Amino acid sequence: MTVCAPAELDRVYDYLGAGAHFVPLPRLGDPATVAALRNACIGADVVHAHGLQASVRAALALSGAGAGAIGRAPLVTTWDGRNQVCGAPGGVLRLLERRTVRAATVVLATSSELVDRARRRGARDARLAPVTVPPARGPVCLHDGKARAELGAVDRPLLMAVGALERGRGYRTLLDAAREWRDLDPQPLLVIAGEGRERAALQRRIADEELPVRLIGRREDVAELLAAADVAVLPSRWEARSLLAQEALRLGVPLVATAVGGVPELVGDAAELVPYGDAGALASAVRGLLDDVERRMDLAAAGRVQAGSWPTEDETVAHVLSVYDELTGR
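Residues numbered from 1 in each chain as written. Predicted model: local features only at pLDDT ≥ 70, side-chain atom pairs only at ≥ 80, totals over all residues. Heavy atoms only, no water.

## Remarks on unusual backbone geometry
Of all residues except glycine, most have a negative phi; of all peptide bonds, most are trans.
Working step 1: Between D185 and P186 the backbone carries a cis peptide bond, its omega angle lying at 0°.
Working step 2: With respect to the helices, strands and loops of the structure, P186 is situated in the loop between helix 7 (171-179) and strand 8 (189-193).
Working step 3: Here D14, not a glycine, exhibits a phi torsion of approximately 50°, which is positive.
Working step 4: One can find D14 in the loop between helix 1 (7-13) and strand 2 (21-25).
Working step 5: Phi at E210 takes a positive value of approximately 50°, unusual for a residue other than glycine.
Working step 6: The residue E210 is located in the loop between helix 8 (199-209) and strand 9 (213-217) in this model. (Helix = DSSP H or I, 4+ residues; strand = E, 2+ residues; numbered from the N terminus.)

Here it is, written out as structure tokens:
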């Protein structure tokens, strides 16, 4: 197997250590990327591109002048999120999506909504291919006293949100909801793990409005912190198969999430779902869970059952390999 990606990603995912042949690509936007991909694809049986940007470049590489035999290699593309191409306007984005799905032999999408989107764009073969994040390694202690003490929530409820501090993640709405929790006794603490361009603006609001919220930046121990929480919160405008939702349900942490994208399909009845952007509904759902121990216990049990219905890592790999075998006639 050959993996083509920016050089820095090998340091994150260790493709070489996993036994793959690794081809480092030039930086994003460099015209040499397509040429590098074209050379790497010579003799390939299947080309699999992950995400819209990779799919655009792979399609160009496979269809370029002089591509010869590589033009016959089937292209598989995976959609696992809402496509964004450097702030491209909606019309340009739709055009790129149409061109890539029509160039693809098979589109694998991680939620039914994305399958429908690919079909609307003209995909000839779009299939559901859910991906499950692997469980956290090693034991994770629920309601770990050490983690709660570090976060400052020993004698108060702990709410946990995780994700990049960017527009569209719903954190402004989440801070609006936090205003409504200030009258609770004890007052819950909302902890948000993640970094991003919105950090300064969010921190100013937290200070100016004296909100019971802490921004703790990127953390390597998210599973441990999440396991210590009383409620997990996912306020995003859109998600496919949210990592936070998967971790929360697997750990038995009650989840309040927005009913967007692939979230309802992912969590089933094992979470409280609210409309995106509705701070009142979000605040009310969290308040209701904090007041109802039995409901939290029911969601915790339902979450573990729902997590058990997701495909395992091995099943995910086997499904993708079966697509490769189908396309190569094996």
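Further notes follow.
## A closer look at the pairing of strand 4 (residues 75-79)
Working step 1: The element strand 4 is largely enclosed, with a buried count of five among its five residues.
Working step 2: With burial as the criterion, each face of strand 4 is covered, one bearing L75, T77 and W79 and the other bearing V76 and T78.
Working step 3: Inspection of the sheet shows strand 3 (residues 47-50) paired to strand 4 by four bridges, in the parallel sense. Its bridge partner being in strand 4, H48 is matched across the sheet by V76.
Working step 4: Here strand 4 pairs with strand 5 (residues 106-109) via four bridges, running parallel. Looking across to strand 5, one finds that T77 is bridged to V107. (Buried < 20%, exposed > 50% of the residue type's maximum accessible area, 1.4 Å probe, protein only. Pairing = 2+ DSSP bridges.)

## Remarks on the sheet that holds strand 9
Working step 1: Strand order in the open sheet formed by six strands is 9-8-7-10-11-12, with parallel pairing between adjacent strands. Edge positions in the sheet fall to strand 9 and strand 12 (272-274), since each has one partner strand and no second. With strand direction ignored, the average angle separating the axes of adjacent strands in the sheet is 20°.
Working step 2: Here strand 7 (residues 158-162) pairs with strand 10 (residues 231-234) via two bridges, running parallel. Following the sheet pairing, M160 is matched in strand 10 by A232. (Axes fitted to C-alpha atoms, helices over the stretch in contact; angles between N-to-C directions.)

## What to know about the sheet that holds strand 3
Working step 1: The parallel open sheet is built from four strands, whose spatial order is 3-4-5-6. In the strand order of this sheet, the two ends are held by strand 3 and strand 6 (126-128), each with one partner. If you compare each strand with its neighbour and ignore which way they point, the axes differ by 25° on average.
Working step 2: Relative to strand 3, helix 3 (residues 52-63) is tilted by about 150°, and along the sheet it contacts strand 3 and strand 4.
Working step 3: Strands strand 3, strand 4, strand 5 and strand 6 of the sheet are contacted by helix 14 (residues 313-328), whose axis makes an angle of about 175° with strand 5. (Contact = heavy atoms within 4.5 Å.)

## Some details on the pairing of strand 9
Working step 1: With four of five residues buried, strand 9 is to be regarded as a mostly interior element.
Working step 2: Where strand 8 meets strand 9, four bridges bridge the pair, whose relative direction is parallel. Each bridged residue has a counterpart across the sheet, and for V191 the counterpart in strand 9 is R214.
Working step 3: Chirality of the crossover, the property in question, places the unit of strand 8, helix 8 and strand 9 among those that are right-handed. (Right-handed = clockwise from strand over helix to strand, strands pointing away.)

## Details of the packing of helix 10 (residues 243-251) against helix 13 (residues 293-308)
Working step 1: Where helix 10 meets helix 13, the closest approach of the two axes is 6 Å, and the angle between their N-to-C directions is 115°. The handedness of the crossing between helix 10 and helix 13 comes out as left-handed. Of the residues in helix 13, those touching helix 10 at L249, R250 and L251 are G303, R304, Q306 and A307. (Left-handed = near helix turned anticlockwise from the far one by under 90°.)

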